[in-house]
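# Tertiary structure, described
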Amino acid sequence: MIELTSPISVVWEITNNCNYKCPHCRAFQKYEKENIENENKIIEELIKSRVFVVNISGGEPLLNPRVFEIARKLTDNNIYVIISTNGYFYKKYRKQILKSGIKMVQVSLDGPKELHEKFRGVENSYEKALEALIIAKEDGLRTQMNVTITQENLNTLEWNYEKAKEIGVNKVFYRRVVPYGKAKINSYVLPDKKIYYEKIKKLAALNSKDLQVLIDDPILNVLLNHNNQNYLACSAGINNLGISSNGDVFPCIFLREKVGNLMEESLKNIWNHSEILKNLRQRKINQCGSCKFQFSCGGCRAFSGIYEKDEFCPL
């Protein structure tokens, strides 16, 4: 496996604050005041490390008053900036988003109106999500509908594909819910394994030139019996990292195993010297590390623990 000198992409949570009440969220809605010094240090490290892509996330990133300034500083340094939002404030900040240089907009949508609003706990959140995707598309930005697969929406996942096709977004992105944060307490959101397998295989077959279907689950390679060693499945710590608002660094934003903090050491040093990241790259992952699919799958590290077998594995 080729080892990179720095991550290609980073997901950066610029705030934990959010206006929604999702039962699977990795944050616990503790009010947090933004720290400008921390933000500037993280920006500096991202630029110095020549990261290609930064996905600005949260919480709800549009609740951070510096979000557009942060995006502008990154884009001015040739970094491709994505924003992941619930869509509620998108129309309000439409002009600022365009001026900031953001290139792509990702909006979470769980399913039809009743399901989405029950899950998110906010009235009109369905309309706001659709509105954000439509406006972003009108403004010439790349668009992606994000769908977290839970027990709640297992039977409506094809609906998301049809809706994405209807409104003309570029991609629909499915990923398995991770039992961290609230989802660890609200275990009812975890999908039935057997039905989940059937669903992601069907979704993978929907991929077309008109609408790209992305399924962020390495298990799919096992289900489809793909053992291409050149295909990188779980990329945690291999080509991407997660960064929290306080500068903590994780192998991915869902795998909350701290590998360093940018207030204490450089991103380059963390990337090149973390033992945890080295183990992930070498696939030292207990049972998953001895599997024939170790490099084309590797299991979802965030779901079952950093060195354990992925509990969703069908083998």
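Quick summary incoming for the structure in this document.

The rules behind the values
- Residues numbered from 1 in each chain as written.
- Predicted model: local features only at pLDDT ≥ 70, side-chain atom pairs only at ≥ 80, totals over all residues.
- Heavy atoms only, no water.
- Helix = DSSP H or I, 4+ residues; strand = E, 2+ residues; numbered from the N terminus.
- Contact = heavy atoms within 4.5 Å.
- Areas by Shrake-Rupley, 256 points an atom, 1.4 Å probe, with all protein chains shown as cover.
- Buried < 20%, exposed > 50% of the residue type's maximum accessible area, 1.4 Å probe, protein only.
- Pairing = 2+ DSSP bridges.
- Phe/Tyr/Trp six-rings, centres within 6.5 Å; stacked < 30°, edge-to-face > 60°.
- Lys NZ or Arg CZ within 6 Å of the ring centre and 35° of its normal.
- Core = buried A, V, L, I, M, F, W, Y, C linked by side-chain atoms within 4.5 Å.
- Axes fitted to C-alpha atoms, helices over the stretch in contact; angles between N-to-C directions.
- Parallel < 35°, antiparallel > 145°, perpendicular 65-115°, else oblique.
- Left-handed = near helix turned anticlockwise from the far one by under 90°.
- Nonpolar A, V, L, I, M, F, W, Y, C, P; charged D, E, K, R; others polar.
- Right-handed = clockwise from strand over helix to strand, strands pointing away.

### So, the overall build of the chain
- The secondary structure content of the chain amounts to 12 helices and 10 strands.
- Dimensions along the principal axes, computed over C-alpha positions, put the chain at roughly 50 × 45 × 40 Å.
- Counting only contacts in the chain whose residues sit at least 6 apart along the sequence, the fraction spanning at least 24 positions is 68%.
- Approximately 14400 Å² of the chain is accessible, and the part contributed by carbon and sulfur atoms is 49%.

### Describing unusual backbone geometry
- For the bond running from G58 to G59, omega is 25°, close enough to zero to count as cis.
- Along the chain, G59 turns up in the loop between β2 (53-57) and α2 (67-75).
- Residues other than glycine seldom take positive phi values, yet R50 does so here, at roughly 55°.
- A positive phi angle, close to 70°, is found at N124, a residue other than glycine.
- If you trace the backbone, N124 turns up in the loop between α4 (113-120) and α5 (125-138).
- Classification of N124 by relative accessible area gives partly exposed; the value is 41%.

### Some details on the sheet that holds strand β9 (residues 248-250)
- Pairing is mixed in the open sheet, where 10 strands are placed in the order β7-β6-β5-β4-β3-β2-β1-β8-β9-β10. Each end of this open sheet is capped by a strand with a single partner; those strands are β7 (212-216) and β10 (260-261).

### Some points on the packing of aromatic side chains
- The tally for this structure, following the rule as stated, stands at six aromatic pairs.
- Note on Y20 and Y88: the rings are 6.2 Å apart at their centroids and 80° apart in plane angle, and the pair reads as edge-to-face. A residue pair is termed long-range when its members are at least 10 positions apart, and Y20 in the loop between β1 (9-13) and α1 (36-48) and Y88 in the loop between β3 (80-85) and α3 (94-100) qualify at 68 residues.
- The rings of Y20, Y88 and F89 are connected pair by pair, giving a single aromatic cluster.
- Lying over the aromatic face of Y88, K128 brings its terminal NZ or CZ to 5.3 Å of the ring centre.
- Across the ring face of W271, the terminal group of R281 is positioned such that the distance to the ring centre comes to 4.3 Å.

### Considering the nonpolar core
- Formed by 80 residues in total, the largest nonpolar core has its most connected members in W12, L46, I56, L74, V172 and Y174.
- The residues contacting V172, other than those within four sequence positions of it, are M145, V147, Y161, A164, L211, Q212, V213 and L214.

### Here's the deal with the environment of Y20
- Taking the relative accessible area as the measure of exposure, Y20 reaches 3% and is therefore buried.
- Put simply, Y20 and G87 are 67 residues apart on the chain and 11 Å apart in space, counted from C-alpha to C-alpha.

### As for the packing of α1 against α2
- Contact geometry of α1 with α2 gives a least axis separation of 10 Å together with a crossing angle of 20°. One element, α1, and the other, α2, form an angle in the roughly parallel class. With respect to the hand of their crossing, α1 and α2 are arranged in right-handed fashion. From α1, E39, N40, I43, L46 and I47 reach across to α2, where they touch I70, K73 and L74.
- Here the residues of the contact of α1 with α2 are counted per class, giving five nonpolar, one polar and two charged.

### Some points on the pairing of strand β6 (residues 171-176)
- For β6, the buried fraction is high: six of the six residues fall into the buried class.
- Here β6 shows a buried face lined by K171, F173 and R175 and a second buried face lined by V172, Y174 and R176.
- Pairing between strand β5 (residues 142-149) and β6: six bridges, direction parallel. In the sheet register, V147 faces β6, and the bridge partner there is Y174.
- Handedness of the β5-helix α6 (residues 157-167)-β6 crossover: right-handed.
- Pairing geometry for β6 and β7, over five bridges, is parallel. Across the sheet, Y174 pairs through a bridge with I215, a residue of β7.

### Considerations on the side chain of S49
- Assignment of secondary structure puts S49 in the loop between α1 and β2.
- Ignoring any residue separated from it by four or fewer positions in sequence, one finds S49 in contact with S6, L267 and K268.

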